[in-house]
Structure formats: C-alpha cells, structure tokens
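# Structural characterization, general
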Amino acid sequence: MRLLWKLVILLPLIPTCAGDGLWSRPVFVQEPQDVIFPLDSSKSEIILNCAANGNPLPRYRWKRNGTDIDFTMSYHYRLDGGHLAISRPHTDHDTGTYQCLATNPLGTILSRKAKLQFAYIEEFETKTRSTVSVREGQGVVLLCGPPPHVGVPDISWRRLDGGLLPGKVKYSKSKAILEIPNFQQEDEGFYECTAGNHRGRNIAKGQLIFYAPPEWEQKIQNTYLSIYDSLFWECKAHGKPNPCYTWLKNGDHLNPEERIQIENGTLIITMLNVSDSGIYQCVAENKYQTIYANAELKVLASAPNFSKNPIKKKSVVQVGGDVAVECKPSAFPRAAIAWKRGTETLRQSKRVYLLEDGSLKIYNVTRSDAGPYTCIATNQFGIAKSTGSLIVKERTIITMPPYKMDVTVGESVVLPCQVSHDPAIEVLFVWSFNGNVIDLKKGITHFERIGGESVGDLMIRNIQLSHSGKYMCTVQTTLEILSAVADIIVRGPPGPPEDVRVEGISSSTSQLSWKPGPDNNSPIQIFTVQTRTPFSLGWQAASTVPEILNGKTYNATVIGLSPWVEYEFRVVAGNSIGIGEPSKPSELLRTKASVPVVAPTNVNGGGGSRSELVITWESIPEELQNGEGFGYIVMLRPVGSTTWIKERVVSVESSKFIYSNESINPLSPFEVKVGVYNSQGEGSMSTVSIVYSGEDEPQLAPRGIFVQSVSASEMEVSWNAIDWNRNTGRVLGYEVLYWTDDSKESMIGKIRVSGNVTSKNITGLKANTVYFASVRAYNTAGTGPSSAPVNVTTKKSPPSQPPANIAWKLTNSKLCLNWEHVKTMENESEVLGYKILYRQNRQSKTHVLETNNTSAELLVPFEEDYLIEIRTVSDGGEGSSSEEIRIPKMSSLSSRGIQVLGPNIHFLSFAMIFSCFAVQPLI
C-alpha cells in the first residue's frame, strides 16, 4: 500500500519529466503489410515497416507467430528504427505472421498482423472446381465451357434458389461468361449454366459465397478516470463471418479477473487503480482480416487543487436576481465541497442551494448577501480552498418602453426607451428593426438616437412606408439584457396601380382595366383615370362610367374622347392619407375617326380689293378634326338672296377665303357661314355672319386742322370730321402725321385714332422746337389724301433747378414751410408756381398742394413721419423736385431737429426769422 501512495504522489510529476511538451501515447503512423517474397529474387533482405509517434519516442520490438523475436539470438533479424529487416530470408525459418510493438512510459500498442510468404511454382494438381468466394464490392466471373460436341451451343444461366438473376449481370458475346459487378450479399447462392445444341446438352453448377473483412462501427476513445471509478469500453465491428473480439493491454492479452470483465467487444474494469493505466487495444478478427482500435486509459489520483480553476474573484448580481458561483477544483477522486461566507459555514436553505457539482446557488439575492464566499474542497489526499466576492447591484428596469404607433408618412416620431439602473453600471442601448440592428454610428438616414445616459429614445425623421415594422429596444448591462418591443404602422398614399390595359376603343370611348397597387396600410377609397394626348398640357382627368370609381373598382369606360387622336391612359389611387403616385402609362392608341362636330368660330371678314369678299375664321385644331382628309366648307350669298354659293377649302391650316367676282359692288353685305368635313363626311356649320365686300380708299382730306403747344414735350392736333358717303369712301378713323423742319429728318411719326375722334395729343417731343402736322382718313382699303400741314413751336423746357433752402417748423399738427424762389435760365420757361407733394412714411398715397408763393402751411395729423418734396410749375411743365425731406412725428421741432421755444424757425443752410402767416406772393 505504501508503494501505491508513492505512485499517486509521483503521477502528477510524470508529464514534467517528459522533455518538451506533454506526454502522449504511441500511435502508429505505419504498420507492416503482407509480403510475398519470390524465392528466385535477387534481393537478399526483406523489410517489414513499422513507425509510431509518441512522447517520449516509442521503443520497438517484434513478434513472429506470437513469440517475441530475440534480436540477440537471431543473427539475420535486426531493427532499423522501428522497421524489421530480415537478411537472407528462408522459407523454412521465416514464413509466418509478424507484429510490431511500440512502447513508451504510457504503454504499448500492437500492430496489425502481417504475413510473410514465399512464392514458388510446383506441379499443378487436377481437382474438381471448388466453391468461389467473393469479397464485398468486387466482381466475379464464372466460366461455362461448352460440351465436346460439334456446333455452337445455346447457353443459359439461372439461380438454383429460384430467384432472378441480378439486373446488373453482364454476359460475354457467346454467354459463356457471366459477370456480376459490385458483388453484394444478396448475390450469394448457387448458379447453374446449361449449354446445349441439336446433339445434346450439358449442365454445370457453382456456388458463390459472400465474405467481408471486419470494419469498425464503434471504436474506443482515450479515457481519463479517477481512482476507484469504473471503466466501461465497447467496440463494435461488422464483417462476414461475424468477427470475434480480444483485448490487449500494452500489447499483451488481457484476461478476465475479479475486477476485469470481458464479453465480446465490451471491457469493464471496476475499482480502478493507478496500475490500470496503459494503452488498450480492441481486436476484431474474422478469417479474412484482423483490425485494431487503440485508446489510452489514464487513472488519476490527486489532492484538490484550485490552481487551474479558482473561484471567480468577483461575481456581480442584481437585487432580486439569482447567482451561481462555481467550485470546480481538480481532484481525484472527486472532492467533497463545503462553503463558508466569511467565517460562517453555509447551510442549505430556501434561498441557498449547494448543488451536486459543488456550485453555490443563491436565489432572490438581497443586499445583505454581498460579501466574501469560500469553497473548501476535501478528499483523502488533501484539502484546498478558494475565495471570491459577491457584489450586489440594483436592478435595471425599463421605466418607459416604446409603444405602438400609427403614423403618416413624412412625420417625425420618437420611440421612447428609458431606464432606471444602478449608478455604477454602464447601460448600452441597442435598437433593431425587424430583427436587424440599427447601426446609429454610421449616420443612417432617418434614424437618430436622442437622450442621455438613462435615455435611449430613437427618433425617426421623415418616416417612410418602408419603416413599418417591429422595433425592439435592447438594454444591455454586464449583468443582464432587457428588451421591449413596439410596432409602428406607417400609413401613406397608395402605391401606383399596375397593369393598366386598354381593352377596347371607339371614336369617343375606351374600356380600361387595372390592378390595385399597395394600399400602404390605408384602404384605397377612390381611383381616377387620367389621359394625355399630343395636344394636351400634361395629364388631364377623364370622365368615366361609372362616374365615381371606388377602391373596389378595377375597370371603367372612359368617355368624352376626341376621335382620331392618340391617347395614353393612366390610373391614380387615393385613400384617407392622400393621392398616390400614378401608374405607368398604357400603350399609345388612336381613337377611331368620325364626322367632325366642331364648327369654326369667329367667322368674320371684310376689306380686300374691290370686287372681293374676304372671309376669315379661326381654324380648327388638329385634335378636333376627327379624321383624315379634313377641310372647310365656305357658304355665302348676298343679303336678300335665297341661293347659297358653296366653296371647299382643302387646306387643313386655312383660316381665310377670298371670293372674287367683278359684279360685286363695294361694301356689299353678304351672309356667310363656314363648316367642316373629313373623310367620314361633312360636319357642323357655323352660325351666319354678315361680311361686307371690299371698298375704295377715302377720297376726301380732313379740314379745319389746328395745332397748339401744350408743354415743352407735348402738342395737341385737332380737325373736323369728314362727312362721308359710299361714293366718297368710308372713314374708319384718322391718321396724324408729324415731323420737324429739319431737312435731315423725314416724318418723325404717325398716330391713328379710330371712329369719330377729332383730336390727338402727341407727347415725347423736343422743347422749343417747330413741329409740322397733317391729318388723313383711312379705312380697310387704305389711307386717303392728307390735309395741308400746320406747325407749332413747343414751349421752353421747365426749370432745371429745384427749390432750395427749404425751412420748416412743426408745432403740434401745423407745419409751416418756406423756400427760395427759383430763378430760371434764358432757355427755360418762367416759374408760374410750386407743387408740394407730401405723404406719410409708410403709405404710398401722395397728397398735392399747389401755391403761387414761396411758403405754405399744412395742417396734418402727425401720427408718424412725413416725407415732403417741392417742385416748380411752368408753361413747359413741371420742373425738378427738391430732395425728399423727412419731418419727424415729434411736436414742437424745427428743421434743425431742436425743440422750438418761440416763434422763430431754423433753416437748413442759413437762419431767417419769419412769421408763418406773413407770406408774400411771387412777382
């Protein structure tokens, strides 16, 4: 027993003495194979290979026919590493079965059996054909020799058990050879070959037997157990015949004993001790092959040790939570576990559990559970302790979780997620959408985290339909993970309808069908059909039957279409949120042609040459022509006649027709109407209009021409109206011609007046300049003779200097103004008076006061500042204005902006004392 304890103490030290790395059992990397050696071979040596890995490196020995080879006694055997070299082999001494053994301190393994045979040729023996054995998966060929008769025999094959021949069989050309590829167990049995011809027949029989070498179904694995434990190993192999099993330990046969039970492929060893450690091999064998499965058994014995797995230094848990503190020392056999909190031994209670694996479990943790905890491990080899601390934190609670929202596309919403937590615990908020994490660090459009340490609200800006779904706020701490989920439904206008089809089209209607698009979480309430033509300004709403297309209507008849026009159709859907995007346009289709129905409008005319009747109208646009071959029909007759004259105008773009006839008198009235036609027939006619034929120019010149100067830039021309008749030519108005006497210039201009107007003011003239004027009448045929010219000189220019030295005094609502008289130059008109223009600062309406004096008094309510300017008045017109003066709304101020203490007033550029009522007129 003392030797056992020494072994137990030394066992943990063994791996440290193994040199580099941990110890490992021998594992074959090369095993000996069967060898057939020709006796007449020129080689004088046979090599049987054997190599194994292991740490320390294995040592090798060999067995022949189960007996160790003594290399000291057998001169022609030698080891080359692990390989066995046989010099000058001889059939009598060396034929047999060889096995290699590899050994290191952890144990020994035995290799597979390798047969050494010698090849030679002896006399053949005459024997009856024997049974043929075939290995699984191989092919087999059976020969059928024909009987010794003349003639080619007929050959057939069958199974004697009555079964059908396998479908995979193959025959030679004469059927003398039967081949069975991929031979399986079901192909086993007796086969019969029959060969015959007209001379007779012969029968041959043979048996096929299926065999399979052993193959592993279950191998044994390396096992590490504690002293006094039990070992259970099982290995399984299949083969035909069924394999039998033997067990080896360190290369030697293992026999049943009191603690060792062996039954077929099962090995049980009870009450393990250290001496049971070693390398075990399960051997499965039938008559065709032997296979080996190797594994190491290591029996461990040691005192408890926490060096590799100490108690966790700090275990953190929240109030109300559960915590498990593991205690898993290394100990063989397993250690008994006890716990202490501080110096107090822990007993199991309703909240405190001592688990079977040694762990300590505390439920519903409170603040008072915090402190040091010690695990004490004991077995017969010693005792060990390990201590850790339990830290108790406040729980994290989601105080404001996200909630379900129903929103409209384009809105901005905030999903709340707020928590209360222990101040010492860091909180991380993670948002996910439909199971995918939202990476807010990448600055994803629409999403933004708002809030502080305890607030993880998620803002979604300009929310879109694609944002409908499930949002989860996950709160992560080092102790726990909490989450809360909410759904957001985003409602928006419907998506575009789909598959718009035109199923029939006439001259004015079209049958249309479509499929609804997505309703975007708000039911579709209405559809609208729109049309577009080459003549329309974009898309236009169309009239339909039914008139109102509800959200369940997917077809309609479009009415009111124009014939012979190319149309595109599209459909728009609407719901309570709004109108959605339109569908894709339908194919471009043309309506059928029909007789035009729209008659020309604004039928008029007149003018032209003598003996002509000019007729005009507004042409019909292409979209109303209703078909090919479009033109106009013009019908006319003299007033009082019953017979219409009919003319056709074939030009589509025509809007004028001239009817010529030498018998037409000037200004003769005609009844006229214009209609339309196309290839489908004649259409509507316009209403009848009265149009007069052409006329001659006026024959008389106006009389009583008079001209006078109004200002430096304006003159007035007047005349007497012409008393005209049909013979003298109709007068529609007058044309005024004017020019100067400068030989370099011809007529400066002409101005027309219509009707009975007999005067005209002409503006934009030069000052102090002689102008000539004459007048002539006009009508549709042209202008008549001009009157004799008259002339007038325009007035001198208005004063160029504005009023200066303006002074003002404001007392309450009375404003007194005074300024210097403006002196004119020789080429300027004399000053006749002055205009004072004034308005409130924020108003556009200007008031005017005219005076012949150089002073004025205004009574105005000064609710705000006033703006004032003064300009001269002369025969030549108004002169230049003074600069705009701002009068503040404060009372009792003068033009110097100081308070007025007496009746005196201050000037802008010089001082002058005057009385507001002592004014002198201009001389």
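See the structure shown above.
On a predicted model such as this, the values are computed, not experimentally measured, just so you know. (Residues numbered from 1 in each chain as written. Predicted model: local features only at pLDDT ≥ 70, side-chain atom pairs only at ≥ 80, totals over all residues. Heavy atoms only, no water.)

### Side note on the overall build of the protein
Broken down by element type, the protein carries two helices and 81 strands. Taking 923 residues into account, the globule formula puts the C-alpha radius of gyration at 29 Å, and the protein, at 63 Å, lies well above it. Oriented by its inertia axes, the alpha-carbon framework of the protein measures out at about 170 × 110 × 60 Å. Classification of the 923 residues of the protein by burial places 42% in the buried group. Across the protein, contacts joining residues at least 24 apart in sequence account for 63% of those joining residues at least 6 apart. Put simply, the protein shows about 51,100 Å² of open surface, and 50% of that area lies on carbon and sulfur atoms. (Helix = DSSP H or I, 4+ residues; strand = E, 2+ residues; numbered from the N terminus. Rg over C-alpha atoms; globule rule 2.2 N^0.38 Å. Buried < 20%, exposed > 50% of the residue type's maximum accessible area, 1.4 Å probe, protein only. Contact = heavy atoms within 4.5 Å. Areas by Shrake-Rupley, 256 points an atom, 1.4 Å probe, with all protein chains shown as cover.)

### Side note on the pairing of strand β8 (residues 83-87)
The buried count for β8 comes to four of five residues, which makes it a mostly enclosed element. As paired strands, strand β3 (residues 45-48) and β8 are joined by four bridges and run antiparallel to one another. From the neighbouring strand, leucine 48 faces β8, where its bridge partner is leucine 84. The pairing of strand β7 (residues 77-80) with β8 spans four bridges and is antiparallel. Directly across from aspartate 80, in β8, lies its bridge partner histidine 83. Once β7 ends, the chain turns through two residues before running back antiparallel as β8, passing glycine 81 with a positive phi of about 70°. (Pairing = 2+ DSSP bridges.)

### A few points about the nonpolar core
The nonpolar side chains of soluble globular proteins are, as a tendency, buried together. Counting 25 residues, the largest nonpolar core has Trp233 and Leu267 as the members making the most contacts within it. When contributions to this core are tallied by element, the ones reaching two or more residues are β20 (231-234), β22 (244-249), β25 (266-269), β26 (278-286) and β27 (289-300). Of the residues forming this core, the biggest block, five residues, is contributed by β27. With 23 residues, the next largest nonpolar core counts Val427, Phe429, Tyr471 and Val475 among its residues. (Core = buried A, V, L, I, M, F, W, Y, C linked by side-chain atoms within 4.5 Å.)

### Quick look at the sheet that holds strand β57 (residues 601-605)
Spatially, three strands are ordered β57-β58-β61 in an open sheet, and the strand pairing comes out antiparallel. Two strands in the sheet have a free side with no partner beyond their single neighbour: β57 and β61 (656-660). Within the sheet, the average angular offset between the axes of one strand and its neighbour, ignoring direction, is 15°. Where strand β58 (residues 612-618) and β61 come together, five bridges link them in antiparallel fashion. Within β61, the residue paired with valine 614 across the bridge is isoleucine 658. (Axes fitted to C-alpha atoms, helices over the stretch in contact; angles between N-to-C directions.)

### Side note on the pairing of strand β59 (residues 631-638)
Judged by how many residues are buried, β59 sits mostly within the fold: seven of eight residues are covered. One ladder, built from eight bridges, connects β59 with strand β62 (residues 669-678); its direction is antiparallel. Directly across from tyrosine 632, in β62, lies its bridge partner valine 676. Of the strand pairs in this sheet, β59 and strand β60 (residues 645-649) are connected by five bridges, and their pairing is antiparallel. Within the sheet, the bridge partner assigned to leucine 636 lies in β60 and is isoleucine 645. Between the end of β59 and the start of β60, which pair antiparallel, lie six residues, with glycine 640 showing a positive phi angle near 100°.

### Focus on the sheet that holds strand β35 (residues 360-362)
Taken together, three strands build an open sheet; the order of strands is β30-β35-β34 and the sheet is antiparallel. The sheet is open, and its two edges are formed by β30 (323-325) and β34 (352-354), each paired on a single side. The sheet shows a mean angle of 15° between the axes of neighbouring strands, taken without regard to direction. In this structure, β30 lies alongside β35, joined through three bridges in antiparallel fashion.

### With respect to the packing of aromatic side chains
This structure, assessed with the given rule, holds 16 aromatic pairs. Here tyrosine 353 and tyrosine 363 contribute two aromatic rings whose centre-to-centre distance is 5.4 Å and whose plane-to-plane angle is 85°, an arrangement assigned as edge-to-face. Of this pair, tyrosine 353 sits in strand β34 while tyrosine 363 sits in the loop between β35 and β36 (371-379); the two residues are 10 residues apart in sequence, bridging distant segments of the chain. Overall, the relative accessible area of 33% leaves tyrosine 353 in the partly exposed class. In this structure tyrosine 363 comes out as partly exposed when scored by relative accessible area, which is 31%. (Phe/Tyr/Trp six-rings, centres within 6.5 Å; stacked < 30°, edge-to-face > 60°.)

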